[in-house]
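Structural features, examined
Each chain, letter by letter, is given below.
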Amino acid sequence: MGAGRFAPSPSGELHLGNLRTAILAWLFARSTQREFLMRVEDLDRARAGAEELQLADLRAIGLDWDGPTVRQSDRMPLYSEAIDDLRSRNLLFECYCTRRDIAEAGSAPHAAPGTYPGTCRDLTESEREAKRTMRPAALRLRSETTDFTVTDVLHGQFTGVVDDFVVLRNDGVPAYNLAVVVDDGAQGIDQVVRGDDLLSSAPRQAYLAELLGYTVPGYAHVPLALNAEGKRLAKRDGSVTLGQLAEHGVGPEEARSMMLCSLDLPTTSLDAALAVFDPTLLPTEPWVFTTDPGEKRRMRLAPENR
Ligand SMILES: [Zn+2]
């Protein structure tokens with residue numbers, strides 16, 4: 001039996017877009033008889049109290065998960081082990097570049113924009129000694145390919161760039177791409193459901209998973225929720241978290257109904273949605289969320305609407 005997961009970053013409250021992705025991850029896992037695991041990605045931007053609030057909101061909309069909630073901050077030895085493994089195989093190199101250095105160096109001919117230009121890949125030991133005194137080093141993967149193909153339930157075969165990406169930041173924190181791959185591998189996760197803003201990072205992660213000897217998971221990158229301006233939904237859009245909705249008299253069950261409705265699924269319960277869930281019938285367009293009561297009021301008052 002494989003497993004799916006939801007992996008929120010505890011940087012603030014979850015909004016309807018995040019909760020909708022969580023519902024989808026749950027539906028994908030449960031409809032394929034997988035376990036559903038919860039992992040808090042708190043290596044970066046963790047805010048005090050946010051984790052408790054997020055987990056309470058996930059429970060409030062009726063989601064359940066298997067086993068204990070896992071925290072990345074408790075798993076540093078696992079990440080170190082993976083880095084040691086890669087280092088011992090000469091698959092890492094020290095990089096002293098700033099973002100600006102990388103932007104100014106430009107990419108190699110035919111390389112995708114933003115791709116690491118390889119500045120530090122082949123420095124001599126004495127060059128490294130000198131650079132180390134200027135700036136702490138990040139560790140990058142010495143990639144042996146330039147692209148990799150993943151399989152996505154919604155996007156089919158997706159081929160994307162694999163460059164010499166960072167696996168350990170220069171502040172000593174494991175990079176997102178490394179932590180995610182190690183966690184998914186160590187937790188036996190073979191189904192990754194998440195927002196389609198992460199589709200372009202899947203080939204890097206899948207390549208790294210293969211290097212570390214893990215089974216590459218199957219993916220489902222689902223459409224995001226957008227605000228009325230077509231931008232990614234955010235808390236400042238108002239009435240998009242369970243807390244904000246409660247102030248307008250909208251409870252968690254009604255919020256869940258709105259999310260299930262946006263997925264063209266039965267709105268009465270998660271089990272009713274699960275009974276008919278079929279990934280091939282999911283909407284492929286983003287969910288534009290415009291039911292902010294304040295916004296409606298402003299629109300009614302606008303001169304052109306009088
Ligand atoms: Zn560099």
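Residues numbered from 1 in each chain as written. Predicted model: local features only at pLDDT ≥ 70, side-chain atom pairs only at ≥ 80, totals over all residues. Heavy atoms only, no water.

Quick word on the side chain of arginine 75
Mapped onto the secondary structure, arginine 75 falls in the loop between strand S3 (70-71) and helix H3 (76-88). Within the local environment of arginine 75, its side chain forms a polar contact with the side chain of aspartate 183, the two groups lying 2.6 Å apart. The residues contacting arginine 75, other than those within four sequence positions of it, are Val70, Asp183, Ala186 and Gln187. (Helix = DSSP H or I, 4+ residues; strand = E, 2+ residues; numbered from the N terminus. Polar contact = N/O pair within 3.5 Å; in protein donor to acceptor, adjacent residues only side chain to side chain. Contact = heavy atoms within 4.5 Å.)

Remarks on the coordination of the zinc ion
Each protein donor to the zinc ion is listed here as Cys95 (SG), Cys97 (SG), Tyr116 (OH) and Cys120 (SG); together their distances run 2.1 to 2.3 Å. For the zinc ion, the four donor atoms in the first shell make angles of 101 to 121° at the metal, so the coordination geometry reads as tetrahedral. Taken in sequence order, the residues that donate to the zinc ion follow the motif C-x1-C-x18-Y-x3-C. Placement of the pair is cysteine 97 in the loop between strand S4 (92-95) and helix H4 (99-105) and cysteine 120 in the loop between H4 and helix H5 (125-132), with a sequence separation of 23 residues. Given a relative accessible area of 1%, cysteine 120 falls into the buried group. (Donors = N, O, S within 2.8 Å, 3.2 Å for Na, K, Ca; no water. Tetrahedral: all angles 85-135°; square planar, octahedral: opposite > 155°, others 65-115°. Buried < 20%, exposed > 50% of the residue type's maximum accessible area, 1.4 Å probe, protein only.)

Notes on helix H6 (residues 176-186)
The buried fraction of H6 is high, at eight of 11 residues. The set of residues buried in H6 consists of Asn177, Leu178, Ala179, Val180, Val181, Val182, Asp183 and Asp184. Residues of H6 that are buried in the fold lie against strand S1 (3-6), strand S2 (35-40), H3, strand S8 (166-168), strand S9 (189-195) and helix H7 (202-211). Within two residues after H6, glycine 188 carries a phi angle of roughly 70°, on the positive side.

Considering the pattern of salt bridges
When the charged atoms of two side chains with opposite charge come close together, those side chains can pair. Scanning the entire structure with this criterion turns up 24 salt bridges. Residue arginine 30 pairs with aspartate 64 through a salt bridge whose shortest N-O separation is 3.3 Å. Residue arginine 30 is found in helix H1 (residues 16-31), and its partner aspartate 64 is found in the loop between helix H2 (50-60) and S3; the two are separated by 34 residues along the sequence. Looking at aspartate 64, the relative accessible area reads 39%, which means it is partly exposed. The network of salt bridges with shared partners includes Arg5, Arg39, Glu41, Arg75, Asp183 and Asp184. (Salt bridge = Lys/Arg side-chain N within 4 Å of Asp/Glu carboxyl O.)

Comments concerning the nonpolar core
Soluble globular proteins tend to bury their nonpolar side chains together. Within the largest apolar cluster, 39 residues are counted, with the highest numbers of intra-cluster contacts made by Leu16, Leu19, Ile23, Phe36, Leu58 and Leu63. Every element with two or more residues in this core is listed here: H1, S2, H2, strand S10 (218-222), helix H8 (242-247), helix H9 (252-262) and helix H10 (270-276). Among the elements that make up this core, the one with the highest residue count is H1 (10 residues). Setting aside anything within four residues of it in sequence, one finds phenylalanine 36 in contact with Gly4, Arg5, Phe6, Ala22, Ala25, Trp26, Ala29, Arg30, Asp64, Trp65 and Asp66. Grouped together as the second largest cluster of nonpolar side chains are 32 residues, Tyr79, Val150, Val173 and Tyr207 included. (Core = buried A, V, L, I, M, F, W, Y, C linked by side-chain atoms within 4.5 Å.)

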